[in-house]
Structures are given as structure tokens and as C-alpha cells.
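Below, each chain spelled out in residue letters.
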Amino acid sequence: MTALVLLEIEHGEVRQASRSAVAAASRFGDVDVIVLGEGAEAAARLPGVRNVLSAASLTHDLAEPAAALLAAHTSGYSHVVAAASAGGKNILPRLAGLLDVQPIPEVVEIKDENTFVRPIYAGNALATVRSSDTIKVLTIRGSSFDPVSKEGGSATIQTLNAPATEDFSRFVRVELSKSDRPELESARVVVSGGKGMKDAEHFKLLEPLADKLGAAIGASRAAVDSGFAPNEMQVGQTGKIVAPELYIALGLSGAIQHLAGMKDSRVIVAINMDPEAPIFRVADYGIVGDLFTILPELEKAL
Amino acid sequence: MTMKVLVPVKRVVDYNVKVRVAADGSGVETQGVKMSMNPFDEIAIEEAVRLREKGAATEVVAVSIGVQASQDTLRTALAMGADRAILIRTNETLEPLAVAGLLKIIVEREAPGLVCMGKQAIDDDMNATGQILAAKLGWPQGTFASAVTIADGRAEIAREIDGGTEVISLALPAVVTADLRLNEPRYASLPNIMKARKKPLETLDAADLGVDLAPRLTIVSVAEPAERKEGVKLNSAAELVEKLKTEAKVI
Ligand SMILES: Cc1cc2nc3c(=O)[nH]c(=O)nc-3n(C[C@H](O)[C@H](O)[C@H](O)COP(=O)(O)OP(=O)(O)OC[C@H]3O[C@@H](n4cnc5c(N)ncnc54)[C@H](O)[C@@H]3O)c2cc1C
Ligand SMILES: Nc1ncnc2c1ncn2[C@@H]1O[C@H](COP(=O)(O)O)[C@@H](O)[C@H]1O
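Residues numbered from 1 in each chain as written. Chains lettered and ligands numbered in written order. Predicted model: local features only at pLDDT ≥ 70, side-chain atom pairs only at ≥ 80, totals over all residues. Heavy atoms only, no water.

**Regarding the sheet that holds strand β5 (residues 84–89) of chain B**
The strand order across the open sheet built from ten strands is β13(A)-β9(B)-β8(B)-β7(B)-β10(B)-β6(B)-β1(B)-β4(B)-β5(B)-β11(B), with neighbouring strands paired in mixed fashion. Among the strands making up the open sheet, the edge pair consists of β13 (169–176) of chain A together with β11 (201–205) of chain B. Averaged over all pairs of adjacent strands, the angle between strand axes in this sheet comes to 25°, irrespective of strand direction. With five bridges joining them, strand β6 (residues 114–118) of chain B and strand β10 (residues 174–178) of chain B adopt parallel strand pairing. Bridge pairing in β10(B) links Met117(B) to Thr177(B). Helix α2 (residues 70–80) of chain B contacts β4 (59–66), β5 and β11 of chain B of the sheet and is inclined by roughly 165° relative to β5(B). (Pairing = 2+ DSSP bridges. Helix = DSSP H or I, 4+ residues; strand = E, 2+ residues; numbered from the N terminus. Axes fitted to C-alpha atoms, helices over the stretch in contact; angles between N-to-C directions. Contact = heavy atoms within 4.5 Å.)

Take a look at the structure:
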């Protein structure tokens, strides 16, 4: 059996979640990878990769040409795998539609080549499902598979002629937020603020704490909706899924949908003035009190 | 110019309910549990109704695939402003692949200029039906939309992506899937709920539409996730730092 992994490249490097996808795919046998746009060389250095399919002419990861290209190259593969990132979740189900197979999203455990575990109902249940499709199309949760390292392999690179992008879907522009902080999904520590941070100005108080801990900053949906933080910081069922060593939640109630994105963190700390807040039910350490008094004390104690 | 918007809406366990796994591990308990329209589908309906209100669309048709009670979900869609509704009745739990197959039949019949749907159903958390439908139709897709503008036969879509926001432009007809921040859905007012009762609701049988509905995934088991063990409450930040250093050893 051979798996084909769709990789995502960022700043010339293979994203960590994609390296987790390679690790997961290696469970199925040989691994080839496909890169849309630049980045074939970085992909070829991943350990355990046999062959890199490089479609350098596809500069934007629009789903239509990407899925069409993948569909044209699935023969001989038993599995097509990608990270359950915004990109993977956009392209792989479309590929599944083209192949007429049922995709298997957000896999957190591989039981065997046909059997997978995935969370349903915002992670309140774990379903084990067995696929009868001849090609399995799956996205995997980065936080559930240790990534392969960046270096060590020397795969061959094969150039693909990408289909001409049709005018029916066009890239217009992208606004990426710049940050020197670690990426949310790969950070060792995440400091998250909720609606209790009061406003965008006060939300910034999380920065010195994050600086001290080398942490990424996350947010609840309410904090994002209120304009305290940009959408890509949202953690939860419909945001990023994180599982850092340490997750510190401040002024965040811990709704089911938020817990879905962070309850697999190793150590959880909650600071909230409401002793009944559900976040305390998953927290290893909790402090009941006003975060605006506790936050400066915490910074000082560190 | 006329443009119809088709909005698929799913009846799901209400987002406030913390579901429980059935004792026999076959699924989750749904007996006596509050059911509602999938939150993302409320957003999709709202967007479609706004497009009509702005004059960019002429008709909003809601469609739901599910048990007879999915009628209630469709009535909610009608009360929010949809013009008519179609129920595709089935007692089976269908996968996105089969749902997309059925929706394709309705799209071919109704010829909408836009299919506006939720990005994800909060029960199966698949996030797949819109993409599969777009593939089957050979239409472009705008997933995870946080803004939709229709002009000159195209849709400009702002999409929530991992690093920020991306804007794409799609030729119509297209499939759009709604993210949370696309809009804030309205509440159906009492008069509108009354009016919705008189709006047309057609019922079809899924089995009659000639679509292969057989599941490709077999559910082996459904289990509760591991519980986290009870934590402790501390009195000060200093105590917390101490615990993080010596007990949890994370800093
Ligand atoms: C379909 C769907 C998907 C969703 N997806 C997500 C998701 O991905 N991520 C997500 O986060 N949410 C999501 N939500 C929203 C979720 O249901 C909650 O509404 C949201 O998480 C609440 O955010 P919050 O905890 O910041 O706000 P609140 O629930 O308002 O909590 C604020 C907390 O701050 C505390 N507080 C206030 N002031 C202080 C102070 N001075 N000191 C200490 N504590 C203080 C309060 O006690 C309270 O507990 C989703 C909802 C739906 C319907
Ligand atoms: N049974 C259904 N009836 C109507 N629409 C559905 C159904 N299942 C899924 N959908 C639509 O597809 C979207 C994504 O669902 P899913 O792919 O299951 O996460 C939902 O938000 C709905 O708009």
C-alpha cells in the first residue's frame, strides 16, 4: 500500500501539521507527497518520503485545480492524506467528491488501514469507523500524531504539469497576520483569552505573559467576535485544535465548543472569577478571581 | 435577472446539549434531546435572505434531508425568510457523500445560481458536504466564508484560513459554505412564524431519487473520550507558578 500526502509549505518549510500527516501516512506503507507551488526541495528532505510530486505552477491553493490535479494522480495509491488544516479541509473533501468516496475528516487515531477514530459532536464522542472505499481520503489532526522531522530524507522529485487554472475560480488577495510568536498549533504553551478580557486594549495584556512563556496566543469565539483578536486565533470546534504542554485560559468560560479545541492539552490552567465556569472542570489548576489582579501577579511570579 | 439560492439545512442536536454516548456504544443518545437547525445553516439561511433583501437574489429555497421532523427545521428556515422548502425524507443516517448526491438532484431540478450552506454539521463534524457537492456539480467552491458579495455573475468570497483571510472570486453558479462570522442570524418573529406555516413545503422520498445512499463508513463503535481528572483550586499566582514548576514540570 502507498499513501499520497498533500503537503502545505509556509516560509519555504513544510508545515508541522503536514509533517504529522506524513507520520500518520507512513502507517499505510510507502509515502509519496504532493506539493502545490514552491517547496518541493523542502518536501524531498522529509524523512521517509519516497517521491515528491511537484506542481510548482499552481501558486495558490485554490480547491478546484488542486483537487483536479490530485484526482488525476491517485492511481496506485490506497490513501490520500492531508492535515486537517483550512487548506486540507477545503481540498480533500472536493477530491473525495471527484473520486466518489466518503472522506474521513479529522482522524485522531489509525487502527488499521481501513479503520479510523474521529471525534464527533465537538469531541464529546469518539467514533471508530471502517471505510469500504477503495481509496481512503482522510485528513488527520496534527495534534494527534508526532510530526516527522524536517530533515533526513532524500526523495526524488517529479514535476507535474498542473492543469491551467480556469477562470471560474480566481485568487484575489490574501491578508495574513504577521506575528513573531510560535504558531498556535505547534506552540508548547498557549495563553488564551476570552470575553472576560473586556476589550481589545486589555486583551493585549496577554502579550507580556506570552512573551515570558514563549507562548502562542489563542482566543475564544466571543473574544474574536468582539474584535479582541483576529479570527485565526480562535481555538475550538470551528477554530484551531491545539494540544500544547500548557494551556492557560483567562476570562474564558469553557463552552463545549471551546473545550473541543483544547481539552487534550497536557496541563490546563484556568483563571476565572466564576467558580462555576465549566473551564474549571477540565483545568488541572484553577484560580478563582479577577484576572486583572492575577495576571500581573502571575507575570511577576514567573 | 433572477437568481435562486438553495440552502441545505440540517436538523441536529442543539449546540447547547452535551451529548452522551449510548450505553451500547452504537452512537449518542438522541431520545428526548433538544433538536435545532445546525448553527452554520442558520447563518447560511440568513445570508441567502439578505442577498434577496439586497436584490442580489430573487428566491430562497431551503432543503433538508432527514426524518419527518426535519420539517420543523424547514419551518424555522421559512420563518427566517426562506420562500419555500423541500424535505427529502429518509430514516437512514446519511453520509455527506449521499447527502451531496441527493442535493445534486435538487440542484439539477431547481437550477439555483448559488448553493449557500453551512461549513459543518455540528453532529458529525464532517465539514465535507459542500465541497463534495461542488465537485459533483463541477462548480467552484467558496468554503469557510466570512463575507459574500455578488456582482456581474460572480461571487467574491472572503474565507477564513489558518493564517488570516483569503479573498477569491467565483463564477456563478457556485457553492458557498458559511463560517461563524459571515453574519448574525435573525430570530424568527412570531408573525413570521405564523406566516411560515402557509409557505409551500414539498416532501420527497430519498429512496425515489435514484441516488446510491449506501454508507461507505461503518460505525464500529462510539465511545466517550477519556475524562480529565479533577483538578485543584489554588489561591495565588505564586502558588500556581510553584505547581507548574515542581508538580506539572511544564515551565
Ligand atoms: C456552532 C458553534 C461553534 C462554535 N465554535 C467555537 C469555537 O471554535 N471556539 C470558541 O471559543 N467558541 C465557539 N463557539 C462559541 C461558544 O459556544 C461560546 O459562546 C464561547 O466560547 C464563549 O466565549 P468566552 O468563554 O470568551 O465568553 P463567555 O462565555 O462570555 O465567558 C467569559 C468568562 O469570563 C469570565 N470573566 C469575566 N470577567 C472576568 C474577570 N475580570 N476576571 C476573571 N474572569 C472574568 C466570566 O466569568 C466568564 O466565565 C461556538 C458556538 C457555536 C454555536
Ligand atoms: N441531512 C442534511 N440535510 C440538509 N443539509 C445537510 C445535511 N447534511 C449536511 N447538510 C449541509 O451540509 C453542511 C455541512 O455538513 P457536514 O459536511 O455533514 O459537516 C451542513 O451545514 C448543511 O448545510
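There's more to say after this.
**Considerations on the pattern of salt bridges**
Summed over the entire model, instances satisfying the criterion amount to 40 salt bridges over all chains. Between Arg181(A) and Asp211(A) there is a salt bridge, with its nearest N and O atoms 2.9 Å apart. Separated by 30 residues along the polypeptide, Arg181(A) in the loop between β13 and β14 (189–193) and Asp211(A) in helix α6 (residues 206–213) bring together distant segments of the chain. With a relative accessible area of 53%, Asp211(A) lands in the exposed category. The residue Arg159(B) makes a salt bridge to Glu166(B) at a minimum N-O spacing of 2.6 Å. (Salt bridge = Lys/Arg side-chain N within 4 Å of Asp/Glu carboxyl O. Buried < 20%, exposed > 50% of the residue type's maximum accessible area, 1.4 Å probe, protein only.)

**Considerations on the packing of α6(A) against helix α9 (residues 291–301) of chain A**
All names here are of chain A. Interaxial distance between α6 and α9 falls to 10 Å at its minimum, and their mutual angle equals 25°. With respect to α9, the element α6 is oriented roughly parallel. Between α6 and α9 lies a crossing whose hand is left-handed. Contacts between α6 and α9 involve Leu206, Pro208, Leu209 and Lys212 from the first element and Leu295, Leu298 and Glu299 from the second. (Parallel < 35°, antiparallel > 145°, perpendicular 65-115°, else oblique. Left-handed = near helix turned anticlockwise from the far one by under 90°.)

**A short note on a nonpolar patch on the surface**
Together, Leu190(B), Ile193(B) and Met194(B) make up an exposed nonpolar region whose accessible area comes to about 280 Å². Positionally, Leu190(B) belongs in helix α5 (residues 190–196). (Patch = residues over 30% accessible without salt bridge, like charges linked within 9 Å, V, L, I, M, F, W, Y side chains within 5 Å. Areas by Shrake-Rupley, 256 points an atom, 1.4 Å probe, with all protein chains shown as cover.)

**Description of the site of ligand 2**
Residues and elements named next belong to chain B. The immediate surroundings of ligand 2 are formed by 19 residues, with Asp41, Ile65, Ala121, Asn127 and Thr129 found nearest. Gly118 has a polar backbone atom sitting 3.1 Å from an oxygen atom of ligand 2. Between an oxygen atom of ligand 2 and a main-chain N or O atom of Ala128, the distance comes to 2.9 Å. For ligand 2, whose accessible area on its own is 480 Å², the fraction buried by protein is 97%. Judged by the proximity of its atoms to the pocket grid, ligand 2 belongs to the largest cavity. (Near = heavy atom within 4 Å. Polar contact = N/O pair within 3.5 Å; in protein donor to acceptor, adjacent residues only side chain to side chain. 1 Å grid on protein atoms, 1.4 Å probe; cavity = no way out; pocket = protein on both sides within 12 Å on 5 of 7 lines; lining within 4 Å. Sits in = over half its atoms within 2 Å of the grid points.)

**With respect to empty space enclosed by the protein**
Under the counting rule described, the total for this entry stands at five cavities of 30 Å³ or more. Quantified by volume, the largest cavity comes out at close to 310 Å³. Along the walls of the largest cavity sit 26 residues, with Lys10(B), Val99(B), Met117(B), Ala121(B) and Thr129(B) positioned nearest its centre. When residues of the lining of the largest cavity are traced back to their parent elements, those giving at least two are β4, α3 (96–110), β6 and α4 (129–137) of chain B. Looking at the lining of the largest cavity residue by residue, the classes come out as twelve nonpolar, nine polar and five charged. Put simply, the second largest cavity is a space of about 130 Å³. In terms of lining residues, the second largest cavity is bounded by 13 residues, among which Glu106(A), Arg141(A), Gln237(A), Gln120(B) and Asp125(B) are the most central. Class assignment of the residues belonging to the lining of the second largest cavity gives a composition of five nonpolar, four polar and four charged. (Points joined across faces, edges and corners; volume = space filled by probe spheres on them. Nonpolar A, V, L, I, M, F, W, Y, C, P; charged D, E, K, R; others polar.)

**Quick word on the side chain of Gln234(A)**
By the element assignment, Gln234(A) lies in the loop between α7 (221–225) and β16 (246–250). On the accessibility criterion, Gln234(A) (3% relative accessible area) is buried. Within polar-contact distance, the side chain of Gln234(A) engages the side chain of Thr238(A) at 3.2 Å. In terms of polar contacts, Gln234(A) uses its side chain to reach the side chain of Arg181(B), at 2.8 Å. In contact with Gln234(A), other than residues within four places in its own chain, are Ala219(A), Ser220(A), Arg221(A), Val224(A), Gly239(A), Lys240(A), Leu180(B) and Arg181(B).

**Looking at the site of ligand 1**
Around ligand 1, the structure places 30 residues, and the nearest of them are Lys195(A), Ser220(A), Val235(A), Ser253(A) and Asn272(A). Chains contributing residues to the immediate surroundings of ligand 1 are chains A and B. Separating an oxygen atom of ligand 1 from a backbone N or O atom of Arg221(A) is a distance of 2.9 Å. Here Asn272(A) contributes a side-chain N or O atom positioned 2.7 Å from an oxygen atom of ligand 1. Burial of ligand 1 by the surrounding chains reaches 82%, relative to a free accessible area of 990 Å². Looking at the shell around ligand 1, the elements that each hand over two or more residues are α7, α8 (256–259) and α9 of chain A together with α1 (39–53) of chain B.

**Considerations on the UniProt feature "domain: Electron transfer flavoprotein alpha/beta-subunit N-terminal" (unreviewed entry) in chain B**
UniProt marks residues 25–213 of chain B with the feature "domain: Electron transfer flavoprotein alpha/beta-subunit N-terminal" (unreviewed entry), using the numbering shown here. Span residues 25–213 of chain B is 30% helix and 31% strand, its end C-alpha atoms 24 Å apart. (UniProt positions renumbered as here; feature names shortened; annotations may be inferred.)

**Description of the packing of α3(B) against α4(B)**
Residue and element names in this part refer to chain B. α4 packs onto α3 with a crossing angle of 50° between their chain directions and a minimal axis gap of 9 Å. By the angle between their directions, the pair α3 and α4 is classed as oblique. Crossing hand, α3 versus α4: right-handed. Residues Pro96, Leu97, Val99, Ala100, Gly101, Leu103, Lys104 and Val107 of α3 form the contact with α4, whose own contacting residues are Thr129, Ile132, Leu133, Lys136 and Leu137. Its residues assigned to classes, the contact of α3 with α4 shows nine nonpolar, two polar and two charged.

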